Structures are given as C-alpha cells and as structure tokens.
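Results of the structural survey
Here is how the chains run, residue by residue.
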Amino acid sequence: MWSTGFIAAKLGLPYAGPFSFLAFRFTVTAALLALVALATGAPWPRDRALVGHLAVTGLLVHAVYLGGVFYAIETGVPAGVSALVVGLQPLLVGLLAGRLSGDRLDPLDWLGLVAGFGGVTLAVWHRLGSGFGTPAGVAANVLALLAITAGTFYQKRFGGQVDMRAGNAVQFGAAALVTAPIALAVGEGPIRWTAAFAFAVGWSIVVLSLGAVSLLYFLIRRGSAARVSSLIYLTPPTTAVMAYAVFGETLTPWPCSAWRSPWRAWPSSTHDEADAGAPRW
C-alpha cells in the first residue's frame, strides 16, 4: 500500500502543485476521519498537551516529510539522490532507538538494515551522475529525513495514548493547516480536475492516508520503531513491479545503462520530462 504512493504521485502531480495536492489530500482525510470518529463514538483527546503532541506528529510525518520530498524533486534534486537520503531513515532510527525508545537491535538486525540500504544504493546508483540538485532541494530532502525519523519516535511515544481515529484526524488537520498556506505562498496554480487527478488523489486519501498510515501507526504501537522502519526497504522493488504493471516501465539487469529505477515515478529534471513527453509540474 505504501508503494502505491509513487504511482499516485506520477498520475496526479502533473495536474496540481505538490503542496496543493498534499493540502487537498490532508484536508479531506482529516474531515473523513473526524466524521468516522464522531459516528463511532471514538474518544477524543482532551488534554491540550496531548493534542499538541499529535499535531507535531502530523506535521513531521505528513507535512514536513512529504512536502520536503516533493519540493526537493521539484527543484531539481535527482530522484536517486532523494531515494538515498530518505533511505537513511531505517539506519538513523536504528542508531537512535536505544536512547529514545529503549529498543535494542541485535547484530542480525543491523546486518539487515545495512543490506537494505545497500540494495537501495544499487537501485539508484546510476542516477547519481546527474548531480545533487540545488542546495535548497538537498536541504529539503535532509529535512524530510529528519522529520520522518523524529515523527516515528514521536508517534511511538505519544500516539499509543489515543484512539487512532480521533488522533489521526488531529494529525492530518494540523498538516492541512500548514500545507494549504504554503501552496498559496509559493503561487501554485489551480488544480486541474481530470480523471487521472481524481483517481490519484482519491487513492491517496483512501488507500494511503486512511489505510497505509493507520497500518504504520499500528505497527509502531505494537513493535520496535527500528524494525518497522526497516520495512521501507520493501518500497522500491514493490514500486518497480507496480510501475511495470501500470506504466510499462521495465527493468534490465544492473548496471546496464538502460535500467530504469522505480523512483522514475518522479522526473528528475526538465530534460527527463521533455524526453518522456510528460507535462511539467
């Protein structure tokens, strides 16, 4: 489910700016979760401090992480660089897990984390020759990495105290309140409502925001933050299979120069867009 986010991004982002896409997605998700919580009698957090913690988690996991990655790639950071930076998250969580959450990893766990990052590196290595993009884009990528790492621990620490229906409504509402003004401030144009965009944003709301995020939080609540984060390494190969089924993108044995990374779900430069005949963002 998490891997379909790249497919939805490729379908929807040609018709909306990244922050407009995210603001609409977060707003509708927050409204749906609030209605579900009210209809099912879910208990709402009453402590102001806890509400603040939930809002911080929403900003880190949703607004800053996704907004940082989208902005970085839009400003010219190659998709391979973005994949490598974000791919550091399981290792960073593993390094901090002992101090922040009390989770201890054994040598086999560390071997798995390092091997997973090595696999991501091999998958995107051929894309690194085009440079690292703008300093602002790289900084946004690093900020996204720190945000998803901090958000994972924050959710582990405070998210288990509230019902996920009400808690997630607060988180997505906070993310919407931040991304909507950013979309206006950067001057993103209006959303072009096409069948592709409607499907992409609908899928992002139902499958990703309501489904995948809830499952992620459930796993974080029940298990080790480091082991849950290691599942991120399954995203690139799963996305590759989906990209082949949906867009016909093919893979050839690495390091053939014709190899196409699953991270091609986002264009890495205007040259790539022109070559592919894809609309610019």
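Residues numbered from 1 in each chain as written. Predicted model: local features only at pLDDT ≥ 70, side-chain atom pairs only at ≥ 80, totals over all residues. Heavy atoms only, no water.

**Details of the pattern of salt bridges**
Filter applied, for reference: The term salt bridge refers to a side-chain nitrogen of Lys or Arg lying within 4 Å of a carboxyl oxygen of Asp or Glu.
Across all of its chains, the model carries one salt bridge by this definition. The partner of Arg165 in a salt bridge is Asp163, and the shortest N-O contact between them spans 2.7 Å.

**Regarding the packing of helix H1 (residues 4-12) against helix H9 (residues 195-222)**
Stated formally: The angle between two axes is taken between their N-to-C directions and runs from 0 to 180 degrees, where each axis is a line fitted to C-alpha atoms and a helix contributes only its stretch in contact. Numbering goes from the N terminus for both helices and strands, where a helix is a DSSP run of H or I of at least four residues and a strand is a run of E of at least two. Orientation categories follow fixed angle ranges, with anything under 35 degrees roughly parallel, anything over 145 roughly antiparallel, 65 to 115 roughly perpendicular, and all other angles oblique. Should the near helix be turned counterclockwise from the far one by less than a right angle, the crossing is left-handed, whereas a clockwise turn marks it as right-handed. For this analysis, residues touch if any pair of their heavy atoms sits within 4.5 Å. Residue classes follow a fixed rule: Ala, Val, Leu, Ile, Met, Phe, Trp, Tyr, Cys and Pro count as nonpolar, while Asp, Glu, Lys and Arg count as charged, and any other residue, Gly among them, counts as polar.
Relative to each other, H1 and H9 sit at 155 degrees, their axes nearing to 8 Å. Comparing their axes, H9 and H1 come out roughly antiparallel. Judged by the sense of rotation from one axis to the other, the crossing of H1 with H9 is left-handed. Here H1 contributes Thr4, Gly5, Ala8, Leu11 and Gly12 to the contact with H9, which in turn contributes Ala196, Phe197, Phe199, Ala200, Trp203, Ser204, Val207 and Leu208. Residues of the contact of H1 with H9, tallied by class, amount to nine nonpolar, four polar and no charged.

**Re the side chain of Thr57**
As a reminder, the rule being used: Between buried and exposed lies partly exposed: a residue is buried under 20% and exposed over 50% of the maximum accessible area for its type, with that area taken using a 1.4 Å probe on protein chains only.
Within the secondary structure, Thr57 is located in helix H3 (residues 48-74). By relative accessible area, Thr57 is classed as buried at 1%.

**Structural notes on the packing of aromatic side chains**
Going by this rule: Geometry of aromatic contacts follows a simple scheme: Phe, Tyr and Trp rings, the Trp one being its six-membered ring, pair when their centres are within 6.5 Å, and the pair is stacked under 30 degrees between planes, edge-to-face over 60, tilted otherwise.
Inspection of every chain in the model, using the stated rule, returns six aromatic pairs. Pairing Phe24 with Trp193 gives two aromatic rings, centres 5.3 Å apart and planes at 75 degrees, and the pair type is edge-to-face. Note that Phe24 is positioned in helix H2 (residues 18-39) and Trp193 in the loop between helix H8 (164-185) and H9, a separation of 169 residues in sequence. Ring geometry for Phe199 and Trp203: centres 5.8 Å apart, planes at 35 degrees, overall tilted. Of this pair, Phe199 and Trp203 both sit in helix H9, four residues apart, roughly one helical turn.

**Thoughts on the packing of H2 against H3**
At a minimum axis separation of 9 Å, H2 and H3 run at an interaxial angle of 155 degrees. Classified by the interaxial angle, the pair formed by H2 and H3 is roughly antiparallel. Pair H2 / H3 crosses with right-handed handedness. Together, Pro18, Phe19, Leu22, Arg25 and Phe26 of H2 and His62, Ala63, Leu66, Gly67, Phe70, Tyr71 and Glu74 of H3 make up the contact between the two elements. A class-by-class count of the residues in the contact of H2 with H3 yields eight nonpolar, two polar and two charged.

As far as function goes, none of this settles anything; it's purely spatial.
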